[in-house]
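Fold and contact review
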Amino acid sequence: MTRSSRNDVTCHDVPRAPLPASASFWRRALPSMLIAMITTVIARPAISSEEFVDADLLVVGGTESGCAAAVQAARMGVRSIVLVNDIEWLGGQFSAESLVAIDENRGPKGYGHGVPFPRAGLFKEIIDRIEAINLRRYGRARPGNTRVITTCRPADAERAFRELLEPYVRAERIRLFAHYAPSDVMREGNAVTAVRFESTRPGRPDLLVRARLTVDASDWGDVIRASGAAYEFGPDLKSKYGEPLAPTSRKNYPVTDMNPITYCMVIVETDRNEPIARPARYDPRNYRSHAYPKDPKFIYTSRRLVDHYGFPEIKHPDVLLLCFPAFDYPLDVLPKHVADALEATETGASRKNIVEMTRRQRQIVFEDAKKYSLGFLHYLQTEVDAAMKDKRYSFRRFELTDEFGTPDRMPPKPYVRESLRLRALYMMRQQDTTGWGGDAKHFATAMYHDGVACWQFEYDFHPTARRFLLDDPAGPWTNAFRKGRTWGPPYAGRCLFPLRSLVPEKTDGLLGAQKNLGYSSIISSAVRLHDQSMAIGQAAGAVAAVCLRHGIQPRDVPFDRSLLSEVWQSLCTRRGGAVPQILWPFGDVDPDHPAFEAINLLAVRGGLPLRPDQVEFRPNQPAAEEWRAAVVRRSLATKVCSEPPEVPTGRLTRGEFARLWWERIRSLPDRPYRRLSPIDADGDGIPDMDDPLPFHPGRSSWPEFTPPADRDGHPDPPPADARNVRQFNFTGPDSPVAEGFINDVGLLFDKKRGFGWLRDISANHRRRNRLDGLWRDTFLFTRRHDRWECVLPKGRYRVTVCIGDAAFPQRGQNVMVEGTTVFRDHHTEAGRFAEKSVAVDVRDGRLTIEIGAPNRSTNTCLNWVRIVPVAD
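Structure report, in brief. All values reported here derive from a predicted model rather than from experimental measurement.

This paragraph deals with the nonpolar core. Residues Leu57, Phe94, Phe497, Leu502 and Phe586 are the most contacted members of the largest nonpolar core, which totals 137 residues. The greatest single-element share of this core, amounting to twelve residues, is contributed by helix H13 (residues 530-550). Excluding residues that lie within four positions of it along the chain, Phe586 makes contacts with Phe117, Pro118, Phe443, Arg494, Ile599, Ala603, Leu608, Leu610, Val615, Glu616 and Phe617.

Laid out in C-alpha cells, this is it:
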C-alpha cells in the first residue's frame, strides 16, 4: 500500500529559512512563525518549552545507518551535524536490537563463510573495532562459533560505535541528543526544513532541530511518514512491479503482512540451575509445534557468541544469542489482548500496519513480543530441559545478560527486519537484482549507473503469518510462512544499491537510510543486514555532504556524472585513515590492495570491460594490450579531454595499470550524461521513474551477452517444416499452460491421454517463481528411477530434453531416451539448464524416457521435452 497524501500523515508547514536566510524571507515568514510559536506556548504546559538547534545536517536515528551517515558527512567537512536518537544506545542491530551474530553479505558461492566480496568502508572499521575489543576481553578476535564470522556482546558493539563517533563529537562536528522521538516535521514548500522531537523522558523540554538536510535513519521511517513524502508498506502485488515472487492477489496477503519483529536474547552461562521467572501469558503450546525446540543442541551450538568449550583459551563462560524463528513475532494479525489494548487507544488501531501506528501503539506490540521471546527461553529451561538426557546443551544454567541496564534484562528494541518503504526516484525490484542469466554467482541483471553500495543476499522472509492453533485469537498461536515469502534461495546476484533509492520521489531536503528505502517488499527482505545498512547510511552521508557543499538537492545528484563522481571518490578513499568503500562487487580485491580505489572507481563509472559472469577482477594477472585499450576507450568515454593522457606502458599487472591510468584521468572533467527526453533519458520507452538503467537502453546491463542456447532453458522454435511436433511441460496441477505445450503433472500413464508415468510422481513438482517462461521455471523430479511414456507411431524422432532448477544447483542428474544416454551424472547451476537432443527409433508404439537412476539419491529435474518426427 502507498501513502502519499498530506492528509494521511501528521505534518505541519511552518516556514523556515534555508541557512543563511535572506531579509526578504524573514519579512515574509516571521508573522507565521510568531503565530506558530504563540500557538505552541498556548497549547503546551510551560515545562514543554522547546530547545532550538540549528544544523547543516540532521540525522534521525542512532542506528548503524544513522551513525555511518553522520561520520561520513563529518569526514567530508560538514561542520554542524545533529544526531538525534530515541534511546541512549547507538548501533542499531549491532547493539540495541541485540543481533550480535553479525550478518554480512552472502551469496551461493564466495570465500570464508560465503561472503562474496570483501568487508570495506565504515563496516570494516566498526568490525575491526569490535574484534579488537574481543581480543582484549577474550584473547580471540572471533570468540564465537556460529554461522557468521564475527560475534560480539551488545555493550561492546555500542562502545565501538560511540568510539567511532567520538572524535567528531569532541571536535563539535557532531552533537548527540538521546531520548528524543520525532513528533512533527516542518516544511517550506516541498522541502523538509525542521523536525520537532518530544522527549521520551518526562519533565524535559521538546527539541526542534532546523537543518538544511535531514537523513531518516530511524527504525520505522517516522520522519518520512510525518513529512508528507510518499511511502509504501505491506506486500507488493505482482501487478505493481512485475516481480516473479510477488503474490498475484491481496487474498491471504494483507497489508499488515511484514517481515516479523523479534526480541533477541543474550544469555550467559552461570553455575546456577534456575529458570527465568514465568512470563505473563506464558503458554507452552505456543512453542511445542515448532521444529526448533525439538533440537536444543542446534539452538545451543548455532549462535555461540563466546564459546569457551570450543576455544579452551577463553576464560569466560559461554554466551549465547537466542534469535530463532520459533519466537519471531508476526504482525499480520495480533492476539486478542494486544488488539484490545490497541483499540483502547484508537478505533481501528489493531488493523493498522505497524508503520502507521503511533509510538505508544507500537510499544503495546513490542511488550507482547518481548513476553513471547521470554516465554521461549522459559520453555527451553523447563519443559525442554526436563526431556533432555544430555544436559551439556541445557539452557537452565543460563541467565539473561544484565548489560542492557533494563529492568527485564531485554534489549531496548526488537530486531526490525522491515520498515516503511520510501517512494523514491527509483524503486528497486526483484528482476533487477537477479543474477545475469538467472545465476546468482553472476553480477545482477541491472548494475545501476548510480550505484553507491554493494550487496548480495537471499530474498529472505521469516514467518510473516500468525496461526491460532485453536482458531481462537485469545488462544495459543504459532508462526508460519506465506507462499512466496520464505527464506532460502533464490539469491540475488552481486548487486549495487542505487543512489536514486535514497531520494524521495517529490520531497526535498530529505534522504532515506537504514530500512526506509526505495525498494519493493521483496528487495527489503534481502537488503537489511548489518553491513548493508552501514554501507547505505555511509552513502546517504556522502550524498548529503555533496549537496550541502554545492547548495543543491539530493535529486540533482544521480543524473549528474560529476556529482556522482564526487560521491564515489568521497566514499572510496583512504583520506584521513579511512577504509575505502567497495563500489563494485569484485570478490578478489581487498581494501588494502594498492589499486583498490582505482579498480572500484573505474568499474562503477563504466570504465572497465566487464562480463556478467566474470566477477573476479584478477588484479595480479598481466594487463594484456587488448584489455588496456578497452579500459582506455571506455574510461575516456566518461571524461572530457582534448588531448588524451599518455597511456602507461611496460610490463604491468591489471591492478598496476588500473592504478596508474586512474591517476592520470581522475582530475579530467566528467562528461555529462546524454539526455534525450526530460522523462526518458535514454529514449527507450521506459520512463526514468521505472527505468533501472535510465542512460542505457533496456532493463539489462548486459544486452550483448546471452547464455549459451543449450543452457538457457528456453526451447528454440521447432523447425519450420516440422509436422506433428509434441511439446510437454513438466509441472504442478495448478500451473498455467504455456503456449504450444501440454502440461504433464506426474500422473500415471493413461491410454486415453496417451502419456504418463509408470509411477505416480505428481507430488514431486516445483515452481520456483523465479524465471520467465513456465517451461523452465517448473519441473518434475525424482530421487529414484522413473519412466515416462508417450504413445507415438513407429518411426524415428528427434527428442530434446531440458533439465535443471531455476533456484538451486542440482548434481548427479540422469536421463535416457529409448535406452540412449542423454545426461549422466550431469550438474546444473542454479538458474542454469542443460538441453540436449538425440535421434531415436520408436519400435513399440511408445517413446520411453527414463529419469534418475537405480540406487541413486540425487535429484533429476525434468523441465520440458520436445518430440519432432524425423522425415524419411
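Turning next to the environment of Ser183. If you trace the backbone, Ser183 turns up in strand S6 (residues 180-188). Separated by 15 residues in sequence, Ser183 and Glu198 place their C-alpha atoms 6.0 Å apart.

Right, let's talk about the packing of aromatic side chains for a bit. Within a pair of aromatic rings, the relevant descriptors are the distance that separates the centres and the angle that separates the planes. According to the stated counting rule, one finds 37 aromatic pairs in the structure shown. Ring plane angle 40 degrees and centroid distance 6.2 Å describe the contact between Tyr231 and Phe233, whose orientation is recorded as tilted. According to the relative accessible area criterion, Phe233 is buried, its value standing at 1%. Each ring, one from Tyr329 and one from Trp477, has its centre 5.8 Å from the other, and the planes form 85 degrees; the classification is edge-to-face. Of this pair, Tyr329 sits in the loop between strand S12 (319-322) and helix H9 (336-345) while Trp477 is found in strand S17 (residues 477-480), placing the two residues 148 residues apart along the sequence. Look at Tyr329 and you get buried, because its relative accessible area is 0%. Three or more aromatic residues joined by ring pairs make a cluster, and in this case those are Tyr282, Tyr287, Phe327, Tyr329, Tyr372, Phe376, Tyr379 and Trp477. The lysine or arginine in question, Arg654, covers the ring of Phe617, its NZ or CZ lying 4.9 Å from the ring centre. A cation over a ring is seen here: Arg675 above Phe559, with NZ or CZ 5.4 Å from the ring centre.

Looking now at empty space enclosed by the protein. The probe, sized like a water molecule, is rolled over the atoms to show the empty space still left. For the coordinates displayed, the defined rule picks out six cavities of 30 Å³ or more. Its boundaries defined by the atoms lining it, the largest cavity holds a volume of some 110 Å³. What lines the largest cavity is a set of 13 residues, among which Asn105, Pro118, Ala120, Asp531 and Ile582 lie closest to the centre. The class makeup of the residues in the lining of the largest cavity is eight nonpolar, two polar and three charged.

Here five strands make up an open sheet; going across it, the order is S22-S25-S30-S27-S28 and the pairing antiparallel. Of all strands in the sheet, those with a lone pairing partner are strand S22 (755-757) and strand S28 (820-828), marking the two edges. Strand after strand, the sheet turns through a mean of 15 degrees between neighbouring axes, direction not considered. Taken together, the five bridges between strand S27 (residues 810-817) and S28 define a ladder with antiparallel strand orientation. Bridging from a neighbouring strand, Val815 pairs with Phe823 of S28.

All right, on to the pattern of salt bridges then. For side chains of opposite charge, pairing can occur when their charged atoms come near one another. Summed over all chains, the structure comprises 68 salt bridges. Arg485 serves as the salt-bridge partner of Asp257, at 2.6 Å between the closest nitrogen and oxygen. Here Asp257, found in the loop between helix H6 (238-241) and strand S10 (265-269), pairs with Arg485, found in the loop between S17 and strand S18 (495-498); they are 228 residues apart in sequence, far enough to count as distant. Here Asp257 and Arg485 have matching classes, each one buried. In this structure, Arg767 and Asp777 form a salt bridge, with 3.8 Å as the shortest nitrogen-oxygen distance. One end of the pair, Arg767, is in strand S23 (residues 765-767); the other, Asp777, is in helix H18 (residues 774-777), and ten residues separate them in sequence. We classify Arg767 as partly exposed; its relative accessible area is 40%. Residue Asp777 is classed as buried on the basis of its relative accessible area, which comes to 2%.

Once that is clear, we can look at the sheet that holds strand S11 (residues 303-306). Spatially, five strands are ordered S4-S11-S12-S10-S13 in an open sheet, and the strand pairing comes out antiparallel. The strands lining the two open edges of the sheet, one partner per strand, are strand S4 (145-146) and strand S13 (398-400). With four bridges connecting them, S10 and S12 associate as antiparallel partners. The residue bridging Val266 from the neighbouring strand is Leu321, located in S12.

Moving on: unusual backbone geometry. Non-glycine residue Arg281 carries a positive phi angle of around 65 degrees. Mapped onto the fold, Arg281 is located in the loop between S10 and helix H7 (285-288). Overall, the relative accessible area of 58% leaves Arg281 in the exposed class. Even without a glycine there, the phi angle at Glu818 is positive, about 50 degrees.

What follows deals with the packing of helix H16 (residues 625-636) against helix H17 (residues 654-665). Packing of H16 against H17 brings their axes to within 11 Å, and their N-to-C directions diverge by 30 degrees. Between H16 and H17, the crossing angle belongs to the class labelled roughly parallel. Pair H16 / H17 crosses with right-handed handedness. Across the interface between the two elements, Trp627, Arg628, Val631, Val632, Ser635 and Leu636 from H16 touch Arg654, Phe657, Trp661 and Ile665 from H17. Its residues assigned to classes, the contact of H16 with H17 shows seven nonpolar, one polar and two charged.

Scoring rules and cut-offs
- Residues numbered from 1 in each chain as written.
- Predicted model: local features only at pLDDT ≥ 70, side-chain atom pairs only at ≥ 80, totals over all residues.
- Heavy atoms only, no water.
- Core = buried A, V, L, I, M, F, W, Y, C linked by side-chain atoms within 4.5 Å.
- Buried < 20%, exposed > 50% of the residue type's maximum accessible area, 1.4 Å probe, protein only.
- Helix = DSSP H or I, 4+ residues; strand = E, 2+ residues; numbered from the N terminus.
- Contact = heavy atoms within 4.5 Å.
- Phe/Tyr/Trp six-rings, centres within 6.5 Å; stacked < 30°, edge-to-face > 60°.
- Lys NZ or Arg CZ within 6 Å of the ring centre and 35° of its normal.
- 1 Å grid on protein atoms, 1.4 Å probe; cavity = no way out; pocket = protein on both sides within 12 Å on 5 of 7 lines; lining within 4 Å.
- Points joined across faces, edges and corners; volume = space filled by probe spheres on them.
- Nonpolar A, V, L, I, M, F, W, Y, C, P; charged D, E, K, R; others polar.
- Pairing = 2+ DSSP bridges.
- Axes fitted to C-alpha atoms, helices over the stretch in contact; angles between N-to-C directions.
- Salt bridge = Lys/Arg side-chain N within 4 Å of Asp/Glu carboxyl O.
- Parallel < 35°, antiparallel > 145°, perpendicular 65-115°, else oblique.
- Left-handed = near helix turned anticlockwise from the far one by under 90°.

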